[in-house]
Amino acid sequence: RNVFNVYFVKLGWGWTLGLLIPFIFLTSSVYTSFNPTSMLKHLSRMAVGTFGWYFWVNLFVYIEELTGQCQGEETLSSKKTCHLQGFHWDGFDISGHAFLLTYSALVISEEIQVKRLWSAELRNTRRPTWFDHMQLQSLVSLLVELLFICISLLLVLWEFMLVCTSVYFHTIHQKALGAFVALFTWYVIYRVWYKNELSPGRPSTP
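**A look at the confidence of the model for the protein**
- For the protein, mean pLDDT is 86; residues scoring 70 or higher make up 91% of the total.
- Predicted confidence in the protein is weakest over helix H6 (residues 118-124), with a mean pLDDT of 62, and strongest over helix H5 (residues 96-111), with 95.

Here's what the structure looks like:
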């Protein structure tokens, strides 16, 4: 019930999206020369990421429901009903926290790689006309820097909470499986799918 878990981890993917979407929008507007189609392709990586998160989290819930029973009142056949009656549902609960925190950290680490090339992009990319104005350049650069700092702090928080989850919650098998699913999903999306010409492409590609 600590504040980090209640207000951050339980809303973890929302925080990740809330910071990455404006970061991707601003950076891609520069290195794609404000091409709307290219920008939407880059932003669509967050839709792909959201699908991965939604699919696995709901599958974990289904597996826990399928493999469990209500402790104290075995006649209750659903987790929701069991909890409403004040009992405990005992099923194979793959760690959603381990999955979410690992997955979010990996996605963030991929998406902020563009920051390493940011100064070079500003110098070398054929920039859109609106970006030639020095005040706009300064504003966009400032916003990118602020977002990068916030995203980096969020990444540190996710890693810290992952340590806490590892120490205090779930069995080792449940945590390992949740983390493995996150690694598998990240690898398929960023190391396999995004190399395909029909995919949204990797970060920082025009």
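**What about the layout of surface pockets?**
- Reported here for the largest pocket is a volume of approximately 570 Å³.
- For the largest pocket, the lining is made up of 19 residues, of which Lys10, Asp93, Gly96, His97 and His170 are closest to its centre.
- Looking at the lining of the largest pocket, the elements that each hand over two or more residues are helix H2 (12-31), helix H3 (36-67) and H5.
- Considering every element that reaches the lining of the largest pocket, the biggest residue donor is H3, with five residues.
- Here the lining of the largest pocket is composed, by residue class, of nine nonpolar, six polar and four charged.

**Quick look at a nonpolar patch on the surface**
- On the surface, Phe92, Leu177, Phe180, Phe184, Tyr187, Val188 and Val192 cluster together into a nonpolar patch covering about 630 Å² of accessible area.
- Considering the arrangement of structural elements, one finds valine 188 in helix H8 (residues 172-192).
- Judged by relative accessible area, valine 188 falls into the partly exposed class, the value being 34%.

**Description of the pattern of salt bridges**
- Summed over all chains, the structure comprises five salt bridges.
- Residue lysine 79 is joined to glutamate 64 by a salt bridge in which the shortest nitrogen-to-oxygen separation is 2.7 Å. You can see lysine 79 sitting in helix H4 (residues 79-84) and its partner glutamate 64 sitting in helix H3, a full 15 residues away along the chain.
- Arginine 191 is the salt-bridge partner of glutamate 110, the closest N and O atoms lying 2.7 Å from each other. You can see glutamate 110 sitting in helix H5 and its partner arginine 191 sitting in helix H8, a full 81 residues away along the chain.
- Salt bridges sharing partners connect three or more residues here, namely Glu110, Arg191 and Arg202.

**Describing the packing of H3 against H5**
- At a minimum axis distance of 11 Å, the contact between H3 and H5 shows a crossing angle of 170°. Taken together, the axis directions place H3 and H5 in an arrangement best described as roughly antiparallel. Packed against H3, whose contacting residues are Arg45, Met46, Val48, Gly49, Gly52, Trp53, Trp56, Val57 and Phe60, the element H5 presents Gly96, Phe99, Leu100, Tyr103, Val107 and Glu111 at the interface.
- The residue makeup of the contact of H3 with H5, split by class, is 10 nonpolar, three polar and two charged.

Reading the values: rules and limits
- Residues numbered from 1 in each chain as written.
- Predicted model: local features only at pLDDT ≥ 70, side-chain atom pairs only at ≥ 80, totals over all residues.
- Heavy atoms only, no water.
- pLDDT = per-residue confidence, 0-100.
- Helix = DSSP H or I, 4+ residues; strand = E, 2+ residues; numbered from the N terminus.
- 1 Å grid on protein atoms, 1.4 Å probe; cavity = no way out; pocket = protein on both sides within 12 Å on 5 of 7 lines; lining within 4 Å.
- Points joined across faces, edges and corners; volume = space filled by probe spheres on them.
- Nonpolar A, V, L, I, M, F, W, Y, C, P; charged D, E, K, R; others polar.
- Patch = residues over 30% accessible without salt bridge, like charges linked within 9 Å, V, L, I, M, F, W, Y side chains within 5 Å.
- Areas by Shrake-Rupley, 256 points an atom, 1.4 Å probe, with all protein chains shown as cover.
- Salt bridge = Lys/Arg side-chain N within 4 Å of Asp/Glu carboxyl O.
- Buried < 20%, exposed > 50% of the residue type's maximum accessible area, 1.4 Å probe, protein only.
- Axes fitted to C-alpha atoms, helices over the stretch in contact; angles between N-to-C directions.
- Parallel < 35°, antiparallel > 145°, perpendicular 65-115°, else oblique.
- Contact = heavy atoms within 4.5 Å.

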